[in-house]
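If you want the building blocks of each chain, they are given just below.
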Amino acid sequence: IAMQQLLRGVLKRKEFRLHQPLKSHPSAPMNDRFAVSINLGSTTHEWTLLMNALRPEVPPDVIFPDGYEDMINYEVLEGIKNWDPKKSSSLVDLLVEVREILRQSEFQRSFEFSEDKVRFELESVKALSPESEIRILNDDLRTIECFIPIFSGPQPHKLKAAEDFSDSKGEVACRLCLILDQELANVSTRLDYPSTTKEELHAFCPAWEPGKTHAFDFVPLVQGLVQRKLLIQRARAILLVQLCEKLNPLSVDSAYHEKASFLCQIDNNFDAIAHLTLSNNFPDEPPTIIMQSVVQLIDRRPIIDVVIEYQWDPLWSIPVMVNHLIKVIRTELLEFKNKVLQQAQNAYVPVGTAES
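Report on the accompanying structure. (Residues numbered from 1 in each chain as written. Predicted model: local features only at pLDDT ≥ 70, side-chain atom pairs only at ≥ 80, totals over all residues. Heavy atoms only, no water.)

### Brief notes about the overall build of the chain
Filter applied, for reference: Secondary structure elements are taken from DSSP: a helix is a run of H or I of four residues or more, a strand is a run of E of two residues or more, and numbering for both begins at the N terminus. Radius of gyration here uses only the C-alpha atoms, and the compact-globule reference equals 2.2 Å multiplied by the residue count raised to the power 0.38. Buried, partly exposed and exposed residues are distinguished by accessible area as a fraction of the type maximum, computed with a 1.4 Å probe on protein chains only: under 20%, between the cut-offs, and over 50%, respectively. Calculation of accessible area relied on Shrake-Rupley with a 1.4 Å probe; when residues are assessed, cover is drawn exclusively from the protein chains displayed. A positive count includes Lys and Arg, and a negative count includes Asp and Glu. His and the chain ends are not counted in either. Every charge is mapped to an atom, namely NZ of Lys, CZ of Arg, CG of Asp or CD of Glu.
Each helix and strand counted, the chain has six helices and 13 strands in total. At 30 Å, the chain has a C-alpha radius of gyration far larger than the 21 Å of a compact globule built from 356 residues. The principal-axis extents of the C-alpha atoms in the chain amount to approximately 100 × 60 × 35 Å. For the chain, with 356 residues in total, the buried portion stands at 44%. By element, 50% of the accessible surface of the chain is carried by carbon and sulfur atoms, the whole surface being about 20000 Å². The average position of the 38 basic charges and that of the 50 acidic charges among the side chains of the chain differ by 5 Å.

Dropping the structure here:
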């Protein structure tokens, strides 16, 4: 049971992979020998983990490939010295420790390998994002690869400017990848999103301008762009959910959170549909509202009216936005009713009446 708990903790972690399971001894009750893989940047480190299913209290042995002995000293690993099979996180703690040692070693090698101007950028990256993964990408081309986690930021209780997104880190939304040449003349930039992230949530990644761009400005800029993209999408989703709770929804765009239609009624004798569209510039741009008649038709077509220019403040909280939109819709509904009834009356020609 202790072995199962130790292994179960590792299987829940995305950064580790246990594979090639084997038994260390024919009498072992379960597999206790594994290949361990971890990802750092765009490379994978792999070694062999030897556990003892018959005696789980014995710390596992770790067999590293040649060259790793300069980075990792098995004897001083805290996870080995403090091994406790009764603690379900013992194996995870050991792997996390090994991964961190490798990450720090990769950074140190990259730093010693680089010219002063690149060292300055690496120090900036490390100061801004201590979790970053930095390594030598190509010895011959002398390029350095940096993977910087970009966090999702705060929840959209208020919509703020990008530079204000500092009160909550949230979860890792994507990784900013920088590939630095030693002259910083041809720096590559991109954002790597998980495959599960919808493309419409991907933020634009700016280019690195030689001689002008520096990491201490660039990383916060990208952080703000990513967070604002996510914040706006989440804000649109919350706005539509709250509108649906207070109005009568006919259809809602649950994939992109851009559109919704609501059935509106006055005095039980006039029905209309309010179509709401939220642009990619929301909340800077107010939602577009289009009113549509239901019963009254002209030439078999509904009467349409676009609501033009109503009060809006992009710094309102979402509940305030919701209440204001409901007020606008109800106010416009009264005017739309009069307009529809008047147009319908003008379009009606009694039988036997000559048209002038």
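### Considerations on a nonpolar patch on the surface
Counted only if it meets this: For patches, a residue must show more than 30% relative accessible area and have no salt bridge; joins then use 9 Å for like charges and 5 Å for nonpolar side chains, namely Val, Leu, Ile, Met, Phe, Trp and Tyr. Salt bridges are defined as contacts in which a side-chain nitrogen from Lys or Arg sits within 4 Å of a carboxyl oxygen from Asp or Glu.
A surface patch of nonpolar side chains, amounting to about 330 Å² of accessible area, comprises Leu250, Leu263, Val294 and Val295. Among the structural elements, leucine 250 can be located in strand 9 (residues 248-252).

### As for the pattern of salt bridges
Two side chains with opposite charge may pair up if their charged atoms get near one another. Taken as a whole and judged by the stated rule, the model has 15 salt bridges. With a closest N to O distance of 3.9 Å, glutamate 209 and lysine 212 form a salt bridge. Two residues, aspartate 305 and lysine 339, come together in a salt bridge whose shortest N-O distance is 3.2 Å. Of the two residues, aspartate 305 is situated in strand 13 (residues 301-306) and lysine 339 in helix 6 (residues 318-347); the sequence distance between them amounts to 34 residues.

### Description of the packing of aromatic side chains
Selection rule: Planes of paired rings set the category: under 30 degrees apart is stacked, over 60 is edge-to-face and the rest tilted, where pairs are Phe, Tyr or Trp rings (Trp by its six-membered ring) whose centres lie within 6.5 Å.
Under the counting rule described, the total for this entry stands at nine aromatic pairs. Taking the centre distance of 6.2 Å and the plane angle of 50° together, the rings of phenylalanine 282 and tryptophan 312 count as tilted. Taken together, the positions of phenylalanine 282 in the loop between strand 11 (270-277) and strand 12 (288-298) and tryptophan 312 in the loop between strand 13 and helix 6 put the pair 30 residues apart, joining distant regions of the chain. The exposure class of phenylalanine 282 is buried, given its relative accessible area of 1%. The class of tryptophan 312 is buried, set by a relative accessible area of 14%.

### Topic: the environment of arginine 190
Defined as follows: Only heavy atoms matter for contacts: two residues are in contact if any of them lie within 4.5 Å across the pair. In protein, a polar contact means a hydrogen-donor-capable atom and an acceptor-capable atom, both N or O and within 3.5 Å, with residues adjacent in sequence counting only if both atoms are side-chain atoms; elsewhere, any N or O pair within 3.5 Å suffices.
Structurally, the position occupied by arginine 190 is in strand 8 (residues 188-192). As a C-alpha pair, arginine 190 and leucine 178 span twelve residues in sequence and 6.9 Å in three-dimensional space. Excluding its chain neighbours within four sequence positions, the residues that come into contact with arginine 190 are Phe147, Arg175, Leu176, Cys177, Ile179 and Cys205. Of note is the side chain of arginine 190, whose polar atom sits 2.8 Å from the side chain of aspartate 192.

### A short note on the pairing of strand 2 (residues 33-40)
Here is the rule: Pairing between two strands is assigned when DSSP locates at least 2 bridges connecting them.
Counting buried positions along strand 2 gives six out of eight residues, so the element sits mostly inside the fold. Across five bridges, the pairing between strand 1 (residues 16-22) and strand 2 is antiparallel. Across the sheet, the residue bridging to leucine 18 is valine 36, located in strand 2. Where strand 2 lies against strand 3 (residues 43-50), eight bridges are found, and the strand directions are antiparallel. When the sheet's bridge partners are listed, isoleucine 38 is paired in strand 3 with histidine 45. Hairpin geometry of strand 2 and strand 3 is characterised by an intervening segment of two residues between the two adjacent antiparallel strands and by a positive phi of about 65° at glycine 41.

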